[in-house]
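# Examination of the molecular architecture
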Amino acid sequence: MKDTFLYWIGLPHEIFHYLAARLLGVKAWIGIGATDIERCTLWKEVVIALSPAMVSILAVLSCGWQAATAISLPVRAIWSLWLLSSILWFLACGKDFVGVWRLLRRDNFAGEN
């Protein structure tokens, strides 16, 4: 039961990886807790890995203005909750940032040998 719950919670995150891969023409498969992609160029791997974080940044930029300029309190509260959830989504992408750092580091060290 716990694995099923975590799968459904993480599915939107994995969908953004999948959509980015497909938009870049890379074959991808959504598995349990991960999206597998076929080998591709470094820049495509970085874009695919950071796509959920990019979505959260766009959400923060779009709803931050709405929250600041909303006239009524209920509307401001709704936009503020959306802003908070977008920031939490961004923080949840920490594993993706570490993966990109390792990917770039590995690629740089491979050129030194």
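Report on the accompanying structure. Residue numbers restart at each chain and count upward from 1, following the sequence in its written direction. Per-residue local features of the predicted model are confined to residues with pLDDT of at least 70, and side-chain atom pairs are confined, for both listing and counting, to 80 or more; whole-chain, interface and lining totals are unaffected and use all residues. Side-chain metrics rest on all non-hydrogen atoms present in the structure, leaving aside hydrogens and water.

## Focus: a nonpolar patch on the surface
Which entries qualify depends on this criterion: Each patch is built from residues that are more than 30% exposed by relative accessible area and take part in no salt bridge. Like charges join if they lie within 9 Å; nonpolar side chains (Val, Leu, Ile, Met, Phe, Trp, Tyr) join within 5 Å. Note on areas: these come from Shrake-Rupley sampling with a 1.4 Å probe, and a residue is covered only by the protein chains present in the view. Any Lys or Arg side-chain nitrogen located within 4 Å of an Asp or Glu carboxyl oxygen qualifies as a salt bridge. Only DSSP runs of H or I reaching four residues or more are called helices, and only runs of E reaching two or more are called strands; each is numbered from the N terminus. Per-residue accessibility, obtained with a 1.4 Å probe over protein chains only, is compared with the maximum for each type, and a residue is labelled buried under 20%, exposed over 50%, and partly exposed between these values.
Nonpolar side chains collect at one region of the surface, where Leu81, Leu84, Ile87, Leu88 and Leu91 lie side by side and expose about 500 Å² of accessible area between them. Looking at the secondary structure, you find Leu84 in helix α3 (residues 73-92). Leu84 gets classed as partly exposed once you look at its relative accessible area, which sits at 46%.

## Here we look at the layout of surface pockets
For clarity, the threshold we go by: With a 1 Å grid spanning the protein atoms alone, the term cavity applies to any set of points in which a 1.4 Å probe fits but cannot get out, the term pocket to an open set with protein on both sides within 12 Å along at least five of seven lines, and the term lining residue to any residue with an atom within 4 Å of a point. Grid points are joined across faces, edges and corners, and a volume is the space filled by probe spheres set on the points. The nonpolar class holds Ala, Val, Leu, Ile, Met, Phe, Trp, Tyr, Cys and Pro. Asp, Glu, Lys and Arg form the charged class, and all remaining residues, Gly among them, are polar.
Estimated volume of the largest pocket: approximately 650 Å³. Glu14, His17, Thr35, Ala49 and Asp96 are, among the 24 residues lining the largest pocket, the residues nearest its centre. Elements with a minimum of two residues in the lining of the largest pocket: α1 (2-23), β2 (35-37), α2 (42-69), α3 and α4 (94-110). Per-element accounting of the lining of the largest pocket gives the leading share, seven residues, to α4. Of the residues in the lining of the largest pocket, the class split is 12 nonpolar, six polar and six charged.

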